[in-house]
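Below, each chain spelled out in residue letters.
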Amino acid sequence: MPNRPIPAKRLSVVLCTYNPRPDLLARSLRAISRQTLHPDAFELVVVDNNSPVMLRTDICERLALREVRVVQEYRQGLTYARVGGINATSTPVICFIDDDNEIAPDYLERVLEISETEAELGAWGGICQGAFEASVGSLQHEWLPHLGVREAGHEPLTGHGDAWGPHEPIGAGICVRRHVAEGYVAFVEGEGAAGALGRKGNALLSGEDSLISRIAHRLGYVVGYRPQLQLMHHITAPRLKIRYLTRLMHGHGRSYVVLQALSGEPLPNYDPQKAKRDLWLNFRHRLRESGLNHAIGMMFWDRGYQAALAELSGAKTKDQVSSALADAGLAPVTAVEKSSQRLATA
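**Student:** How should the packing of aromatic side chains be read in this particular structure?
**Tutor:** For any pair of aromatic rings, the description consists of the separation of the ring centres together with the inter-plane angle of the planes. In total, this model carries five aromatic pairs according to the counting rule given. Aromatic side chains tyrosine 256 and tryptophan 301 sit 5.4 Å apart centroid to centroid with 65° between the ring planes, which places their arrangement in the edge-to-face category. Of this pair, tyrosine 256 sits in helix H8 (residues 242–262) while tryptophan 301 is found in helix H10 (residues 292–311), placing the two residues 45 residues apart along the sequence. On the basis of relative accessible area, tyrosine 256 is assigned to the partly exposed category, the value being 25%. Consider the rings of tryptophan 280 and phenylalanine 283, whose centres lie 6.3 Å apart with planes at 25°: the pair is stacked. Here tryptophan 280 and its partner phenylalanine 283 are both found in helix H9 (residues 272–290), three residues apart, which amounts to about one turn of the helix. Aromatic rings pair up to connect Trp164, Tyr256, Trp301 and Tyr305 into one cluster. The ring of phenylalanine 42 carries arginine 66 above its face, with NZ or CZ at 4.4 Å from the centroid.

Structure, rendered in structure tokens:
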């Protein structure tokens, strides 16, 4: 009987992780093993972002019940981890999964359906429900969207990637076309300051997912929210503590400014006196319009926003932005450091 040809992979699942909690990583990998999409249609790449203890391929394969490629990305940060995953793959579509995500059994099958029927989409995502290890009070509940818990209804939403909105996919479960992914890599490698975006150890910045949407827009694609894509985001008890959440909100405010600067948009001038006045006026307005919990959360966002404006004050060129971020302790990897780092297959 002749050997059947092995079908080409149509999709890469890239799971980026740093020092993962074993039970959550196991849950993520097992969810991938239960997919309705035929195993030959996709590959699984785990990017170990310089964890203190290197992930072992055999353990990942035992949990995922399939072949797994584990690659090392030594440049710290989620932005670079995603670059490493993109560089390790060649399929037309990439789906990014976090190490605390549990995707629905039909997630990957629906990802391919969307990619094949909606050619105008460059990046897309779906519903991210929260599974919480600790009780969620009213204050924490107000801030859940900033933790990657998101449900924007049962109708698909589509829009331009240069605008904020519910149509914009978040990082958990985000899917991108190869053209967009390669544009993302080129931007990150060409703009050293881009490495400041996204989680990096204990630094709680974000925005690397929004950068993907901005790249998609530049390349002529739209982005979208597709509710048929569903996953469970497991959120640990420490991430529900108020102290963590205030740091998270502060980091999101800073990330907004960094992303605007990287996008070439002019930043408002920083005036310390005006900043204090705006902090109070914004708090009072949100208190009246949306309630105390929202006002408190956005107060920390505003403080992060103002801190980043102060850090980038006077930075007009890309080099000046990079220098200012370095002075603020958000230094991207330098060209010398890049030359000494590598992506290795475990």
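Next, the rest of the story.
**Student:** How should the nonpolar core be read in this particular structure?
**Tutor:** The nonpolar side chains of a soluble globular protein tend to be buried with one another. Grouped together as the largest cluster of nonpolar side chains are 37 residues, with contacts concentrated most on Leu11, Leu29, Ile103, Tyr107, Leu108, Val111 and Trp124. Listed by contribution, the elements that provide at least two residues to this core are strand S1 (11–17), helix H1 (22–33), strand S2 (42–48), helix H2 (57–64), strand S4 (93–98), helix H4 (107–117), strand S6 (121–132) and strand S9 (222–235). For valine 111, the residues in contact, after removing those within four places along its chain, are Leu11, Val93, Trp124, Cys175 and Leu229. Of all hydrophobic cores here, the second largest spans 34 residues; its members include Phe96, Ala181, Ile212 and Ala216.

**Student:** In this structure, what is going on with the pairing of S9? I would like to understand it.
**Tutor:** With eleven of 14 residues buried, S9 lies mostly within the body of the structure. Of the strand pairs in this sheet, strand S5 (residues 101–103) and S9 are connected by three bridges, and their pairing is antiparallel. The residue bridging glutamate 102 from the neighbouring strand is methionine 232, located in S9. Judged from the ten bridges that link them, S6 and S9 form a sheet pairing that is parallel. Each bridged residue has a counterpart across the sheet, and for glycine 130 the counterpart in S9 is histidine 233. Relative to S9, strand S7 (residues 157–160) is paired through four bridges, and the arrangement is antiparallel. Within S9, the residue paired with histidine 160 across the bridge is valine 222.

**Student:** Got a minute to help me understand the pattern of salt bridges in this structure?
**Tutor:** Two side chains of opposite charge can pair, provided their charged atoms sit close to one another. Enumeration according to the criterion identifies 18 salt bridges in this entry. Put simply, arginine 21 and glutamate 133 hold a salt bridge, and the shortest N to O gap is 2.4 Å. One end of the pair, arginine 21, is in the loop between S1 and H1; the other, glutamate 133, is in the loop between S6 and helix H5 (138–142), with 112 residues separating them in the sequence. For arginine 82, the salt bridge is made with aspartate 98, and the minimal N-O distance between the two is 3.8 Å. Pair noted here: arginine 82 is in helix H3 (residues 78–87) and aspartate 98 is in strand S4, with a separation of 16 residues, a long-range link. Several salt bridges share partner residues, and in doing so they unite Arg21, Asp23 and Glu133 into one network.

**Student:** Sorry if this is basic, but what is going on with the environment of cysteine 128 here?
**Tutor:** When you line up the elements, cysteine 128 lands in strand S6. Judged by relative accessible area, which is 1%, cysteine 128 ranks as buried. Other than its neighbours up to four places away in sequence, cysteine 128 contacts Gly148, Val149, Arg150, Ile170, Ala172 and Leu231.

**Student:** Looking at this model, I keep getting lost on helix H6 (residues 178–190). Mind explaining?
**Tutor:** In an α-helix, one turn spans 3.6 residues; hence positions three or four apart end up facing the same way. Here H6 is 13 residues long and its end C-alpha atoms lie 18 Å apart, about the 18 Å a rise of 1.5 Å per residue gives. Looking only at H6, the buried set comprises Arg178, Val180, Ala181, Tyr184, Val185, Phe187 and Val188.

Criteria and thresholds
- Residues numbered from 1 in each chain as written.
- Predicted model: local features only at pLDDT ≥ 70, side-chain atom pairs only at ≥ 80, totals over all residues.
- Heavy atoms only, no water.
- Phe/Tyr/Trp six-rings, centres within 6.5 Å; stacked < 30°, edge-to-face > 60°.
- Helix = DSSP H or I, 4+ residues; strand = E, 2+ residues; numbered from the N terminus.
- Buried < 20%, exposed > 50% of the residue type's maximum accessible area, 1.4 Å probe, protein only.
- Lys NZ or Arg CZ within 6 Å of the ring centre and 35° of its normal.
- Core = buried A, V, L, I, M, F, W, Y, C linked by side-chain atoms within 4.5 Å.
- Contact = heavy atoms within 4.5 Å.
- Pairing = 2+ DSSP bridges.
- Salt bridge = Lys/Arg side-chain N within 4 Å of Asp/Glu carboxyl O.
- Expected span 1.5 Å × (residues − 1).

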